[in-house]
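Coordinate inspection notes
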Amino acid sequence: MWKVKPPVAFPMETRYQTILESLVPPDPMSHFHLRRFSPDEEFPDLNRNSTWMGRILTPAMYRRQFHRCTHSGVIFDDVIRPGLEEPGDWSAPVSVGCVAGDAQCYVLFCDFFDRVIEMHHQHEITSQTPEADFNHDNLKGSCDLDPSYAVRCEVSVVRGVDDFSFPTHCSRGERRQLLALARRALQRLPGRLHLLEELNQEQQRELNLDPPSSSLFRIGVARDWPDARAVWVSEDGRLVVRVNMEDHLRLVSTRDDADVAEAFKCVSTNLQKLEASYRELRHPFSWKQQLGWVSSSPADVGTGLRIRVHLRLQHLPGHKRLQDVLQRLRLRMATESPALHCVSNAATFGLSEVALSQLVVDGVKLLVAMETRLEGGRDIDELVPTQK
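Below is a summary of the structure that appears in this document. If you're wondering where the values come from, they're calculated on a predicted model, not measured in any experiment. (Residues numbered from 1 in each chain as written. Predicted model: local features only at pLDDT ≥ 70, side-chain atom pairs only at ≥ 80, totals over all residues. Heavy atoms only, no water.)

Quick look at the overall build of the chain now. The number of helices and strands found in the chain is 14 helices and 10 strands. In terms of overall size, the chain behaves like a compact globule, its C-alpha atoms giving a radius of gyration of 21 Å where 388 residues would be expected to give roughly 21 Å. Summarising its shape, the C-alpha atoms of the chain cover approximately 65 × 50 × 40 Å along the three principal directions. By residue count, 54% of the 388 residues in the chain fall in the buried class. Sequence separation of at least 24 residues holds for 75% of the intrachain contacts in the chain that already meet a minimum separation of 6. For the chain, the exposed area adds up to about 18300 Å²; of that, 48% sits on carbon and sulfur atoms. When the 47 positive and 53 negative side-chain charges of the chain are each reduced to one mean point, those points stand 1 Å apart. (Helix = DSSP H or I, 4+ residues; strand = E, 2+ residues; numbered from the N terminus. Rg over C-alpha atoms; globule rule 2.2 N^0.38 Å. Buried < 20%, exposed > 50% of the residue type's maximum accessible area, 1.4 Å probe, protein only. Contact = heavy atoms within 4.5 Å. Areas by Shrake-Rupley, 256 points an atom, 1.4 Å probe, with all protein chains shown as cover. Lys, Arg positive; Asp, Glu negative; His and termini not counted. Charge placed at Lys NZ, Arg CZ, Asp CG, Glu CD.)

As summarised here, the arrangement of the eight strands in space is 2-3-4-5-1-8-10-9, forming an open sheet in which the pairing is antiparallel. The strands lining the two open edges of the sheet, one partner per strand, are strand 2 (191–195) and strand 9 (331–337). Going from strand to strand, the sheet's axes swing by 20° on average, the running direction of each strand aside. One ladder, built from four bridges, connects strand 4 (residues 240–243) with strand 5 (residues 249–255); its direction is antiparallel. Following the sheet pairing, Val-243 is matched in strand 5 by Leu-249. (Pairing = 2+ DSSP bridges. Axes fitted to C-alpha atoms, helices over the stretch in contact; angles between N-to-C directions.)

Attention now moves to the packing of aromatic side chains. Counted according to the given criterion, the structure contains 10 aromatic pairs. The interplanar angle of 75° and the centroid separation of 6.3 Å between the aromatic rings of Phe-285 and Trp-293 together place this pair among those described as edge-to-face. An aromatic cluster of at least three residues, connected via ring pairs, comprises Phe-43, Tyr-62, Phe-66, Phe-76, Tyr-106, Phe-109, Phe-112 and Phe-113. Across the ring face of Phe-66, the terminal group of Arg-36 is positioned such that the distance to the ring centre comes to 3.8 Å. For Arg-55, the ring lying beneath its charged end belongs to Trp-52, and the centroid distance is 5.2 Å. (Phe/Tyr/Trp six-rings, centres within 6.5 Å; stacked < 30°, edge-to-face > 60°. Lys NZ or Arg CZ within 6 Å of the ring centre and 35° of its normal.)

Taken residue by residue, helix 6 (residues 76–85) has Phe-76, Asp-78, Val-79, Ile-80, Pro-82 and Gly-83 as its buried positions. Packed against the buried residues of helix 6 are helix 4 (52–56), helix 5 (59–66), helix 7 (105–108) and helix 8 (110–121).

As a further point, take the pattern of salt bridges. Close approach of charged atoms allows side chains with opposite charge to pair. All told, the structure shown has 21 salt bridges when counted by the stated rule. Measuring nitrogen to oxygen at the nearest pair gives 3.8 Å for the salt bridge that ties Arg-250 to Glu-246. Glu-246 sits in the partly exposed class, given a relative accessible area of 25%. Here Asp-247 makes a salt bridge to Arg-250, at a shortest N to O gap of 3.2 Å. (Salt bridge = Lys/Arg side-chain N within 4 Å of Asp/Glu carboxyl O.)

Next up on the list: the pairing of strand 5. Taken across its seven residues, strand 5 has five buried, putting it largely inside the fold. Bridging between strand 1 (residues 150–159) and strand 5 involves seven bridges; their strand directions are antiparallel. Counterpart to Cys-153 in the pairing with strand 5 is Arg-255. The hairpin turn running from strand 4 into strand 5, its antiparallel successor, is five residues long, and Asn-244 in that turn takes a positive phi close to 65°.

What follows covers helix 5. Looking at helix 5, one finds that the buried residues are Met-61, Tyr-62, Gln-65 and Phe-66. For helix 5, the buried positions fall inside an angular range of 140° around the axis, keeping them on one side. Where helix 5 is buried, its residues meet helix 3 (39–42), helix 4, helix 6, helix 7 and helix 8. (Arc of directions from axis to C-beta.)

Next up on the list: the nonpolar core. The biggest cluster of nonpolar side chains holds 66 residues, and the ones touching the most others in it are Leu-186, Leu-249, Tyr-278, Val-309, Leu-311 and Leu-367. When residues in this core are grouped by element, the largest group, 11 residues, is from helix 14 (residues 353–375). Setting aside anything within four residues of it in sequence, one finds Leu-367 in contact with Leu-311, Leu-316, Val-325, Leu-326, Leu-329, Leu-331, Met-333 and Val-343. Ranked by size, the runner-up nonpolar core spans 33 residues in total, among them Phe-66, Phe-109, Val-116 and Val-301. (Core = buried A, V, L, I, M, F, W, Y, C linked by side-chain atoms within 4.5 Å.)

By themselves, these figures tell us nothing about what the structure is for.
This is the structure in structure tokens:
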């Protein structure tokens, strides 16, 4: 039944043992008087669950987390609810199947989260602080992507704000305080903040703001929509900051060409200014020493960075070796139309910001070279890379 063999020892649990014992009373759930039975009786049915949560969680692990509760009231069942609501598809890329209700979850439930993060990002968690590199001058080759194939790009980064619950768990009051903080921090950048409730549908479409999905409603992110949600747009229109939507903050730079370096420069420069503003306001971004930047989804820990390049491809998407190639390149591909496909990094943890961007740029170049070969009726076997 279990797709991943549980470890015999739990080093991360041991490492944080003193902290865990100081944070957690013997049974914090006794204060809430919830009608819950024993961990064995409450253990969920995971037989058809294809998420990393479903593959990793064992009855023994569930028992260890069962009586823990963060200071803001997050229990382990809150953490795994997304994977139970949406158990996944065995033929699709594996989702994490869990969320953190606050930053403390990554410490209190480290036994579980560390394993999910390692499996999803294919990178081992160590005592080393993750490397950071925002020097856009170190990113090479993005300006010469073939425009007949690479038509546009998007670079985005997410951040959580310390001392606030993440969107899956925060209250209305917290969400409104987060909006007030964002308003103060963003005043230092040239641009304008728009409250979502004041924008009509046409204005929302112009800003690429889609209505929240049913999934966001199910896991609680879209509660009270659109209360205290906002979008900030820079004066030159190159940067958008989404406030209180999927995460506390999401910075997005979109370009109508494939110049990833320019989009990365726009995001990284403004992110560092915003980080300094939040630090001055005594609400720094959420950071954990072994993980880097953390937000609600363990799929975004480390850098929180996503690089997306939209490609026109006719032949490669149907090739039998495509999935193997994408896995070796540590990339994902989503189909937007029969001829348009979005390529992005599969992981955000284990590499620096520049290294992740370079990985996507180099991968896109290789995919375009493969498409060119297939157009000429040649095979692509000699271009298939080794595992990244």
